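# Working through the structure, step by step
This is what each chain is made of:
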Amino acid sequence: MYEFMRNALLGSFMISVVAGIIGTIIVCRRKVFVAGGITHASFGGIGIAYYLGLNPIVGAFIFAVATALGIDVLERKGTIRGDSAIAMLWSLGMAIGLIFMFLTPSYASNLMGFMFGDILSISTIDLWCIAVVATLSLLLSVLFYRPLLYVSFSPSFARVVGLRVGLIETIISIVTAIGIVVAIKAVGIVLVLSIFTIPQAIVGKWKRQMGWMMLWSGVIAFVGALLGLAASYYLDWPAGAVITAVLALLKLLLP
């Protein structure tokens, strides 16, 4: 097997683990719009990193985490409505990315890979980064399952039983931001939310328990990634877009 295909398969599997766990938390907490804001704001970090000659993923990490924490702070202070804070940081990140794209020579040639993903270009270093995030997600879901469950479905009850809800929500936001960034390499900024939400929408009809939803959402995400990779390989279509289309078709076809 070609190395790029092996890397793509391994990357798909580990990203599916991340998407199954983090995507379920996002959906259960009804924070899909927040995830969208984090995703698009990370484009600002990519633009600045390219301008400075740094690894664009590092810039995306910094901007994604900063955006996640910024949304948390603005929501808790109550100085601005949550949806307004998300929209503001979303737009600001995209604007910064576009400005630095304009200022960087030959930047546009690399834009498509980050906007729409290029899973076939995943390197060994990328795999190690994804593996770390997948392991972190697994540890989070296993060691802190009950606190995650309480905070996701009833923050008020979580406070009653003595959980530090603010701290847990901050940790969730940071891990969500990191998980989204590692998936950008595969499906891109525009399409990344599909792999974090469509599998949960499929599984949610027949699995309500959060643990089972995490497991089966990861399975559905991996199946969609495999089918999408196969179709894109034979049709010579962009893999990220095909994976998204396959997941959407699975949602339409499965009862």
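A brief report on the enclosed structure follows. (Residues numbered from 1 in each chain as written. Predicted model: local features only at pLDDT ≥ 70, side-chain atom pairs only at ≥ 80, totals over all residues. Heavy atoms only, no water.)

### A look at the overall build of the protein
As a reminder, the rule being used: Secondary structure follows DSSP: runs of H or I at least 4 residues long count as helices, runs of E at least 2 residues long count as strands, and numbering of each begins at the N terminus. It is over C-alpha atoms that the radius of gyration is taken, and the globule rule equals 2.2 Å times the number of residues to the power 0.38. Each residue is placed in one exposure class: buried if its accessible area under a 1.4 Å probe, protein chains only, is under 20% of its type's maximum, exposed if it is over 50%, and partly exposed if it falls in between. For the accessible areas, the method is Shrake-Rupley and the probe is 1.4 Å, while residue cover comes only from the protein chains on display.
Along the protein, the regular secondary structure elements total eleven helices and zero strands. For the protein, the sequential pattern of α-helices and β-strands runs α-α-α-α-α-α-α-α-α-α-α. Expected size for 255 residues packed as a compact globule is a radius of gyration near 18 Å; at 18 Å, the protein falls within 12% of this value. In terms of overall dimensions, the protein has a C-alpha envelope of 55 × 45 × 30 Å along the principal axes. Looking at the 255 residues of the protein, the share that counts as buried comes to 49%. Working note: accessible area of the protein is about 12300 Å², and carbon and sulfur atoms make up 72% of it.

### Quick word on the packing of aromatic side chains
The condition that has to hold: Aromatic rings from Phe, Tyr and Trp, taking only the six-membered ring of Trp, are treated as a pair when their centres fall within 6.5 Å; an angle between ring planes under 30 degrees marks them as stacked, one over 60 as edge-to-face, and anything in between as tilted.
Evaluation of the coordinates by the stated rule reveals six aromatic pairs. With a centroid separation of 5.5 Å and an interplanar angle of 80°, the aromatic rings of Phe13 and Phe222 are classed as edge-to-face. In this pair, Phe13 sits in helix 1 (residues 3-28) while Phe222 sits in helix 10 (residues 210-235), placing the two residues 209 residues apart along the sequence. The partly exposed category is assigned to Phe13, whose relative accessible area is 46%.

### A short note on helix 7 (residues 145-153)
Our working rule: It is the directions from the helix axis to the C-beta atoms that the arc portrays. Residue contacts are defined here by distance: any two heavy atoms, one from each residue, within 4.5 Å place the two residues in contact.
Of all the positions in helix 7, only Leu148, Val151 and Ser152 are classed as buried. Angular distribution of buried residues about the axis of helix 7 spans 100°; they occupy a single face of the element. Buried residues in helix 7 make contact with helix 1, helix 6 (124-143), helix 8 (155-160), helix 9 (165-203) and helix 10.

### What to know about the pattern of salt bridges
Short version of the rule: The salt bridge definition used is simple: a Lys or Arg side-chain nitrogen within 4 Å of an Asp or Glu carboxyl oxygen.
On inspection of all chains with the given rule, the structure shows one salt bridge. The residue Arg29 makes a salt bridge to Glu169 at a minimum N-O spacing of 3.8 Å. On the criterion of sequence distance, the pair formed by Arg29 in the loop between helix 1 and helix 2 (32-52) and Glu169 in helix 9 is long-range, its members being 140 residues apart. What makes Glu169 buried here is its relative accessible area of 17%.

### Quick look at the side chain of Ser217
Looking at the secondary structure, you find Ser217 in helix 10. Contacts of Ser217, omitting those with residues within four sequence positions, involve Gly20, Thr24, Pro199, Gln200 and Val203.

### Some words on unusual backbone geometry
At Arg30, a residue that is not glycine, the phi angle is positive and equals roughly 55°. Along the chain, Arg30 falls in the loop between helix 1 and helix 2. Given the relative accessible area of 77%, Arg30 is considered exposed.

### Regarding the nonpolar core
One recurring pattern in soluble globular proteins: nonpolar side chains tend to sit buried together. Under the convention used in this document: By nonpolar core is meant a set of buried Ala, Val, Leu, Ile, Met, Phe, Trp, Tyr and Cys residues that side-chain atoms within 4.5 Å join together.
Counting residues in hydrophobic clusters, the biggest one holds 70 residues, and the most contacted among them are Ile38, Ile119, Val187, Ile195, Phe196 and Leu247. With residues up to four places along the chain from it excluded, the contact list for Phe196 reads Val18, Ala19, Ile22, Gly23, Ile26, Val27, Gly179, Ile180 and Ala183.

### Considerations on the environment of Lys207
For Lys207, the location among the structural elements is in the loop between helix 9 and helix 10. Its relative accessible area of 27% is what places Lys207 among the partly exposed residues. Separated by 106 residues in sequence, Lys207 and Met101 have C-alpha atoms that sit 43 Å apart.

### Re a nonpolar patch on the surface
Applicable threshold: Residues enter patches when they are more than 30% accessible in relative terms and free of salt bridges; like-charged ones are connected within 9 Å and nonpolar ones (Val, Leu, Ile, Met, Phe, Trp, Tyr) within 5 Å.
Residues Tyr2, Phe4, Leu120, Tyr233, Tyr234, Leu235 and Trp237 make up a contiguous nonpolar surface patch of roughly 830 Å² in combined accessible area. The element that contributes the greatest number of residues to the nonpolar patch is helix 10, accounting for three residues. For Trp237, the position within the fold is in the loop between helix 10 and helix 11 (239-253). Trp237 sits in the exposed class, given a relative accessible area of 54%.

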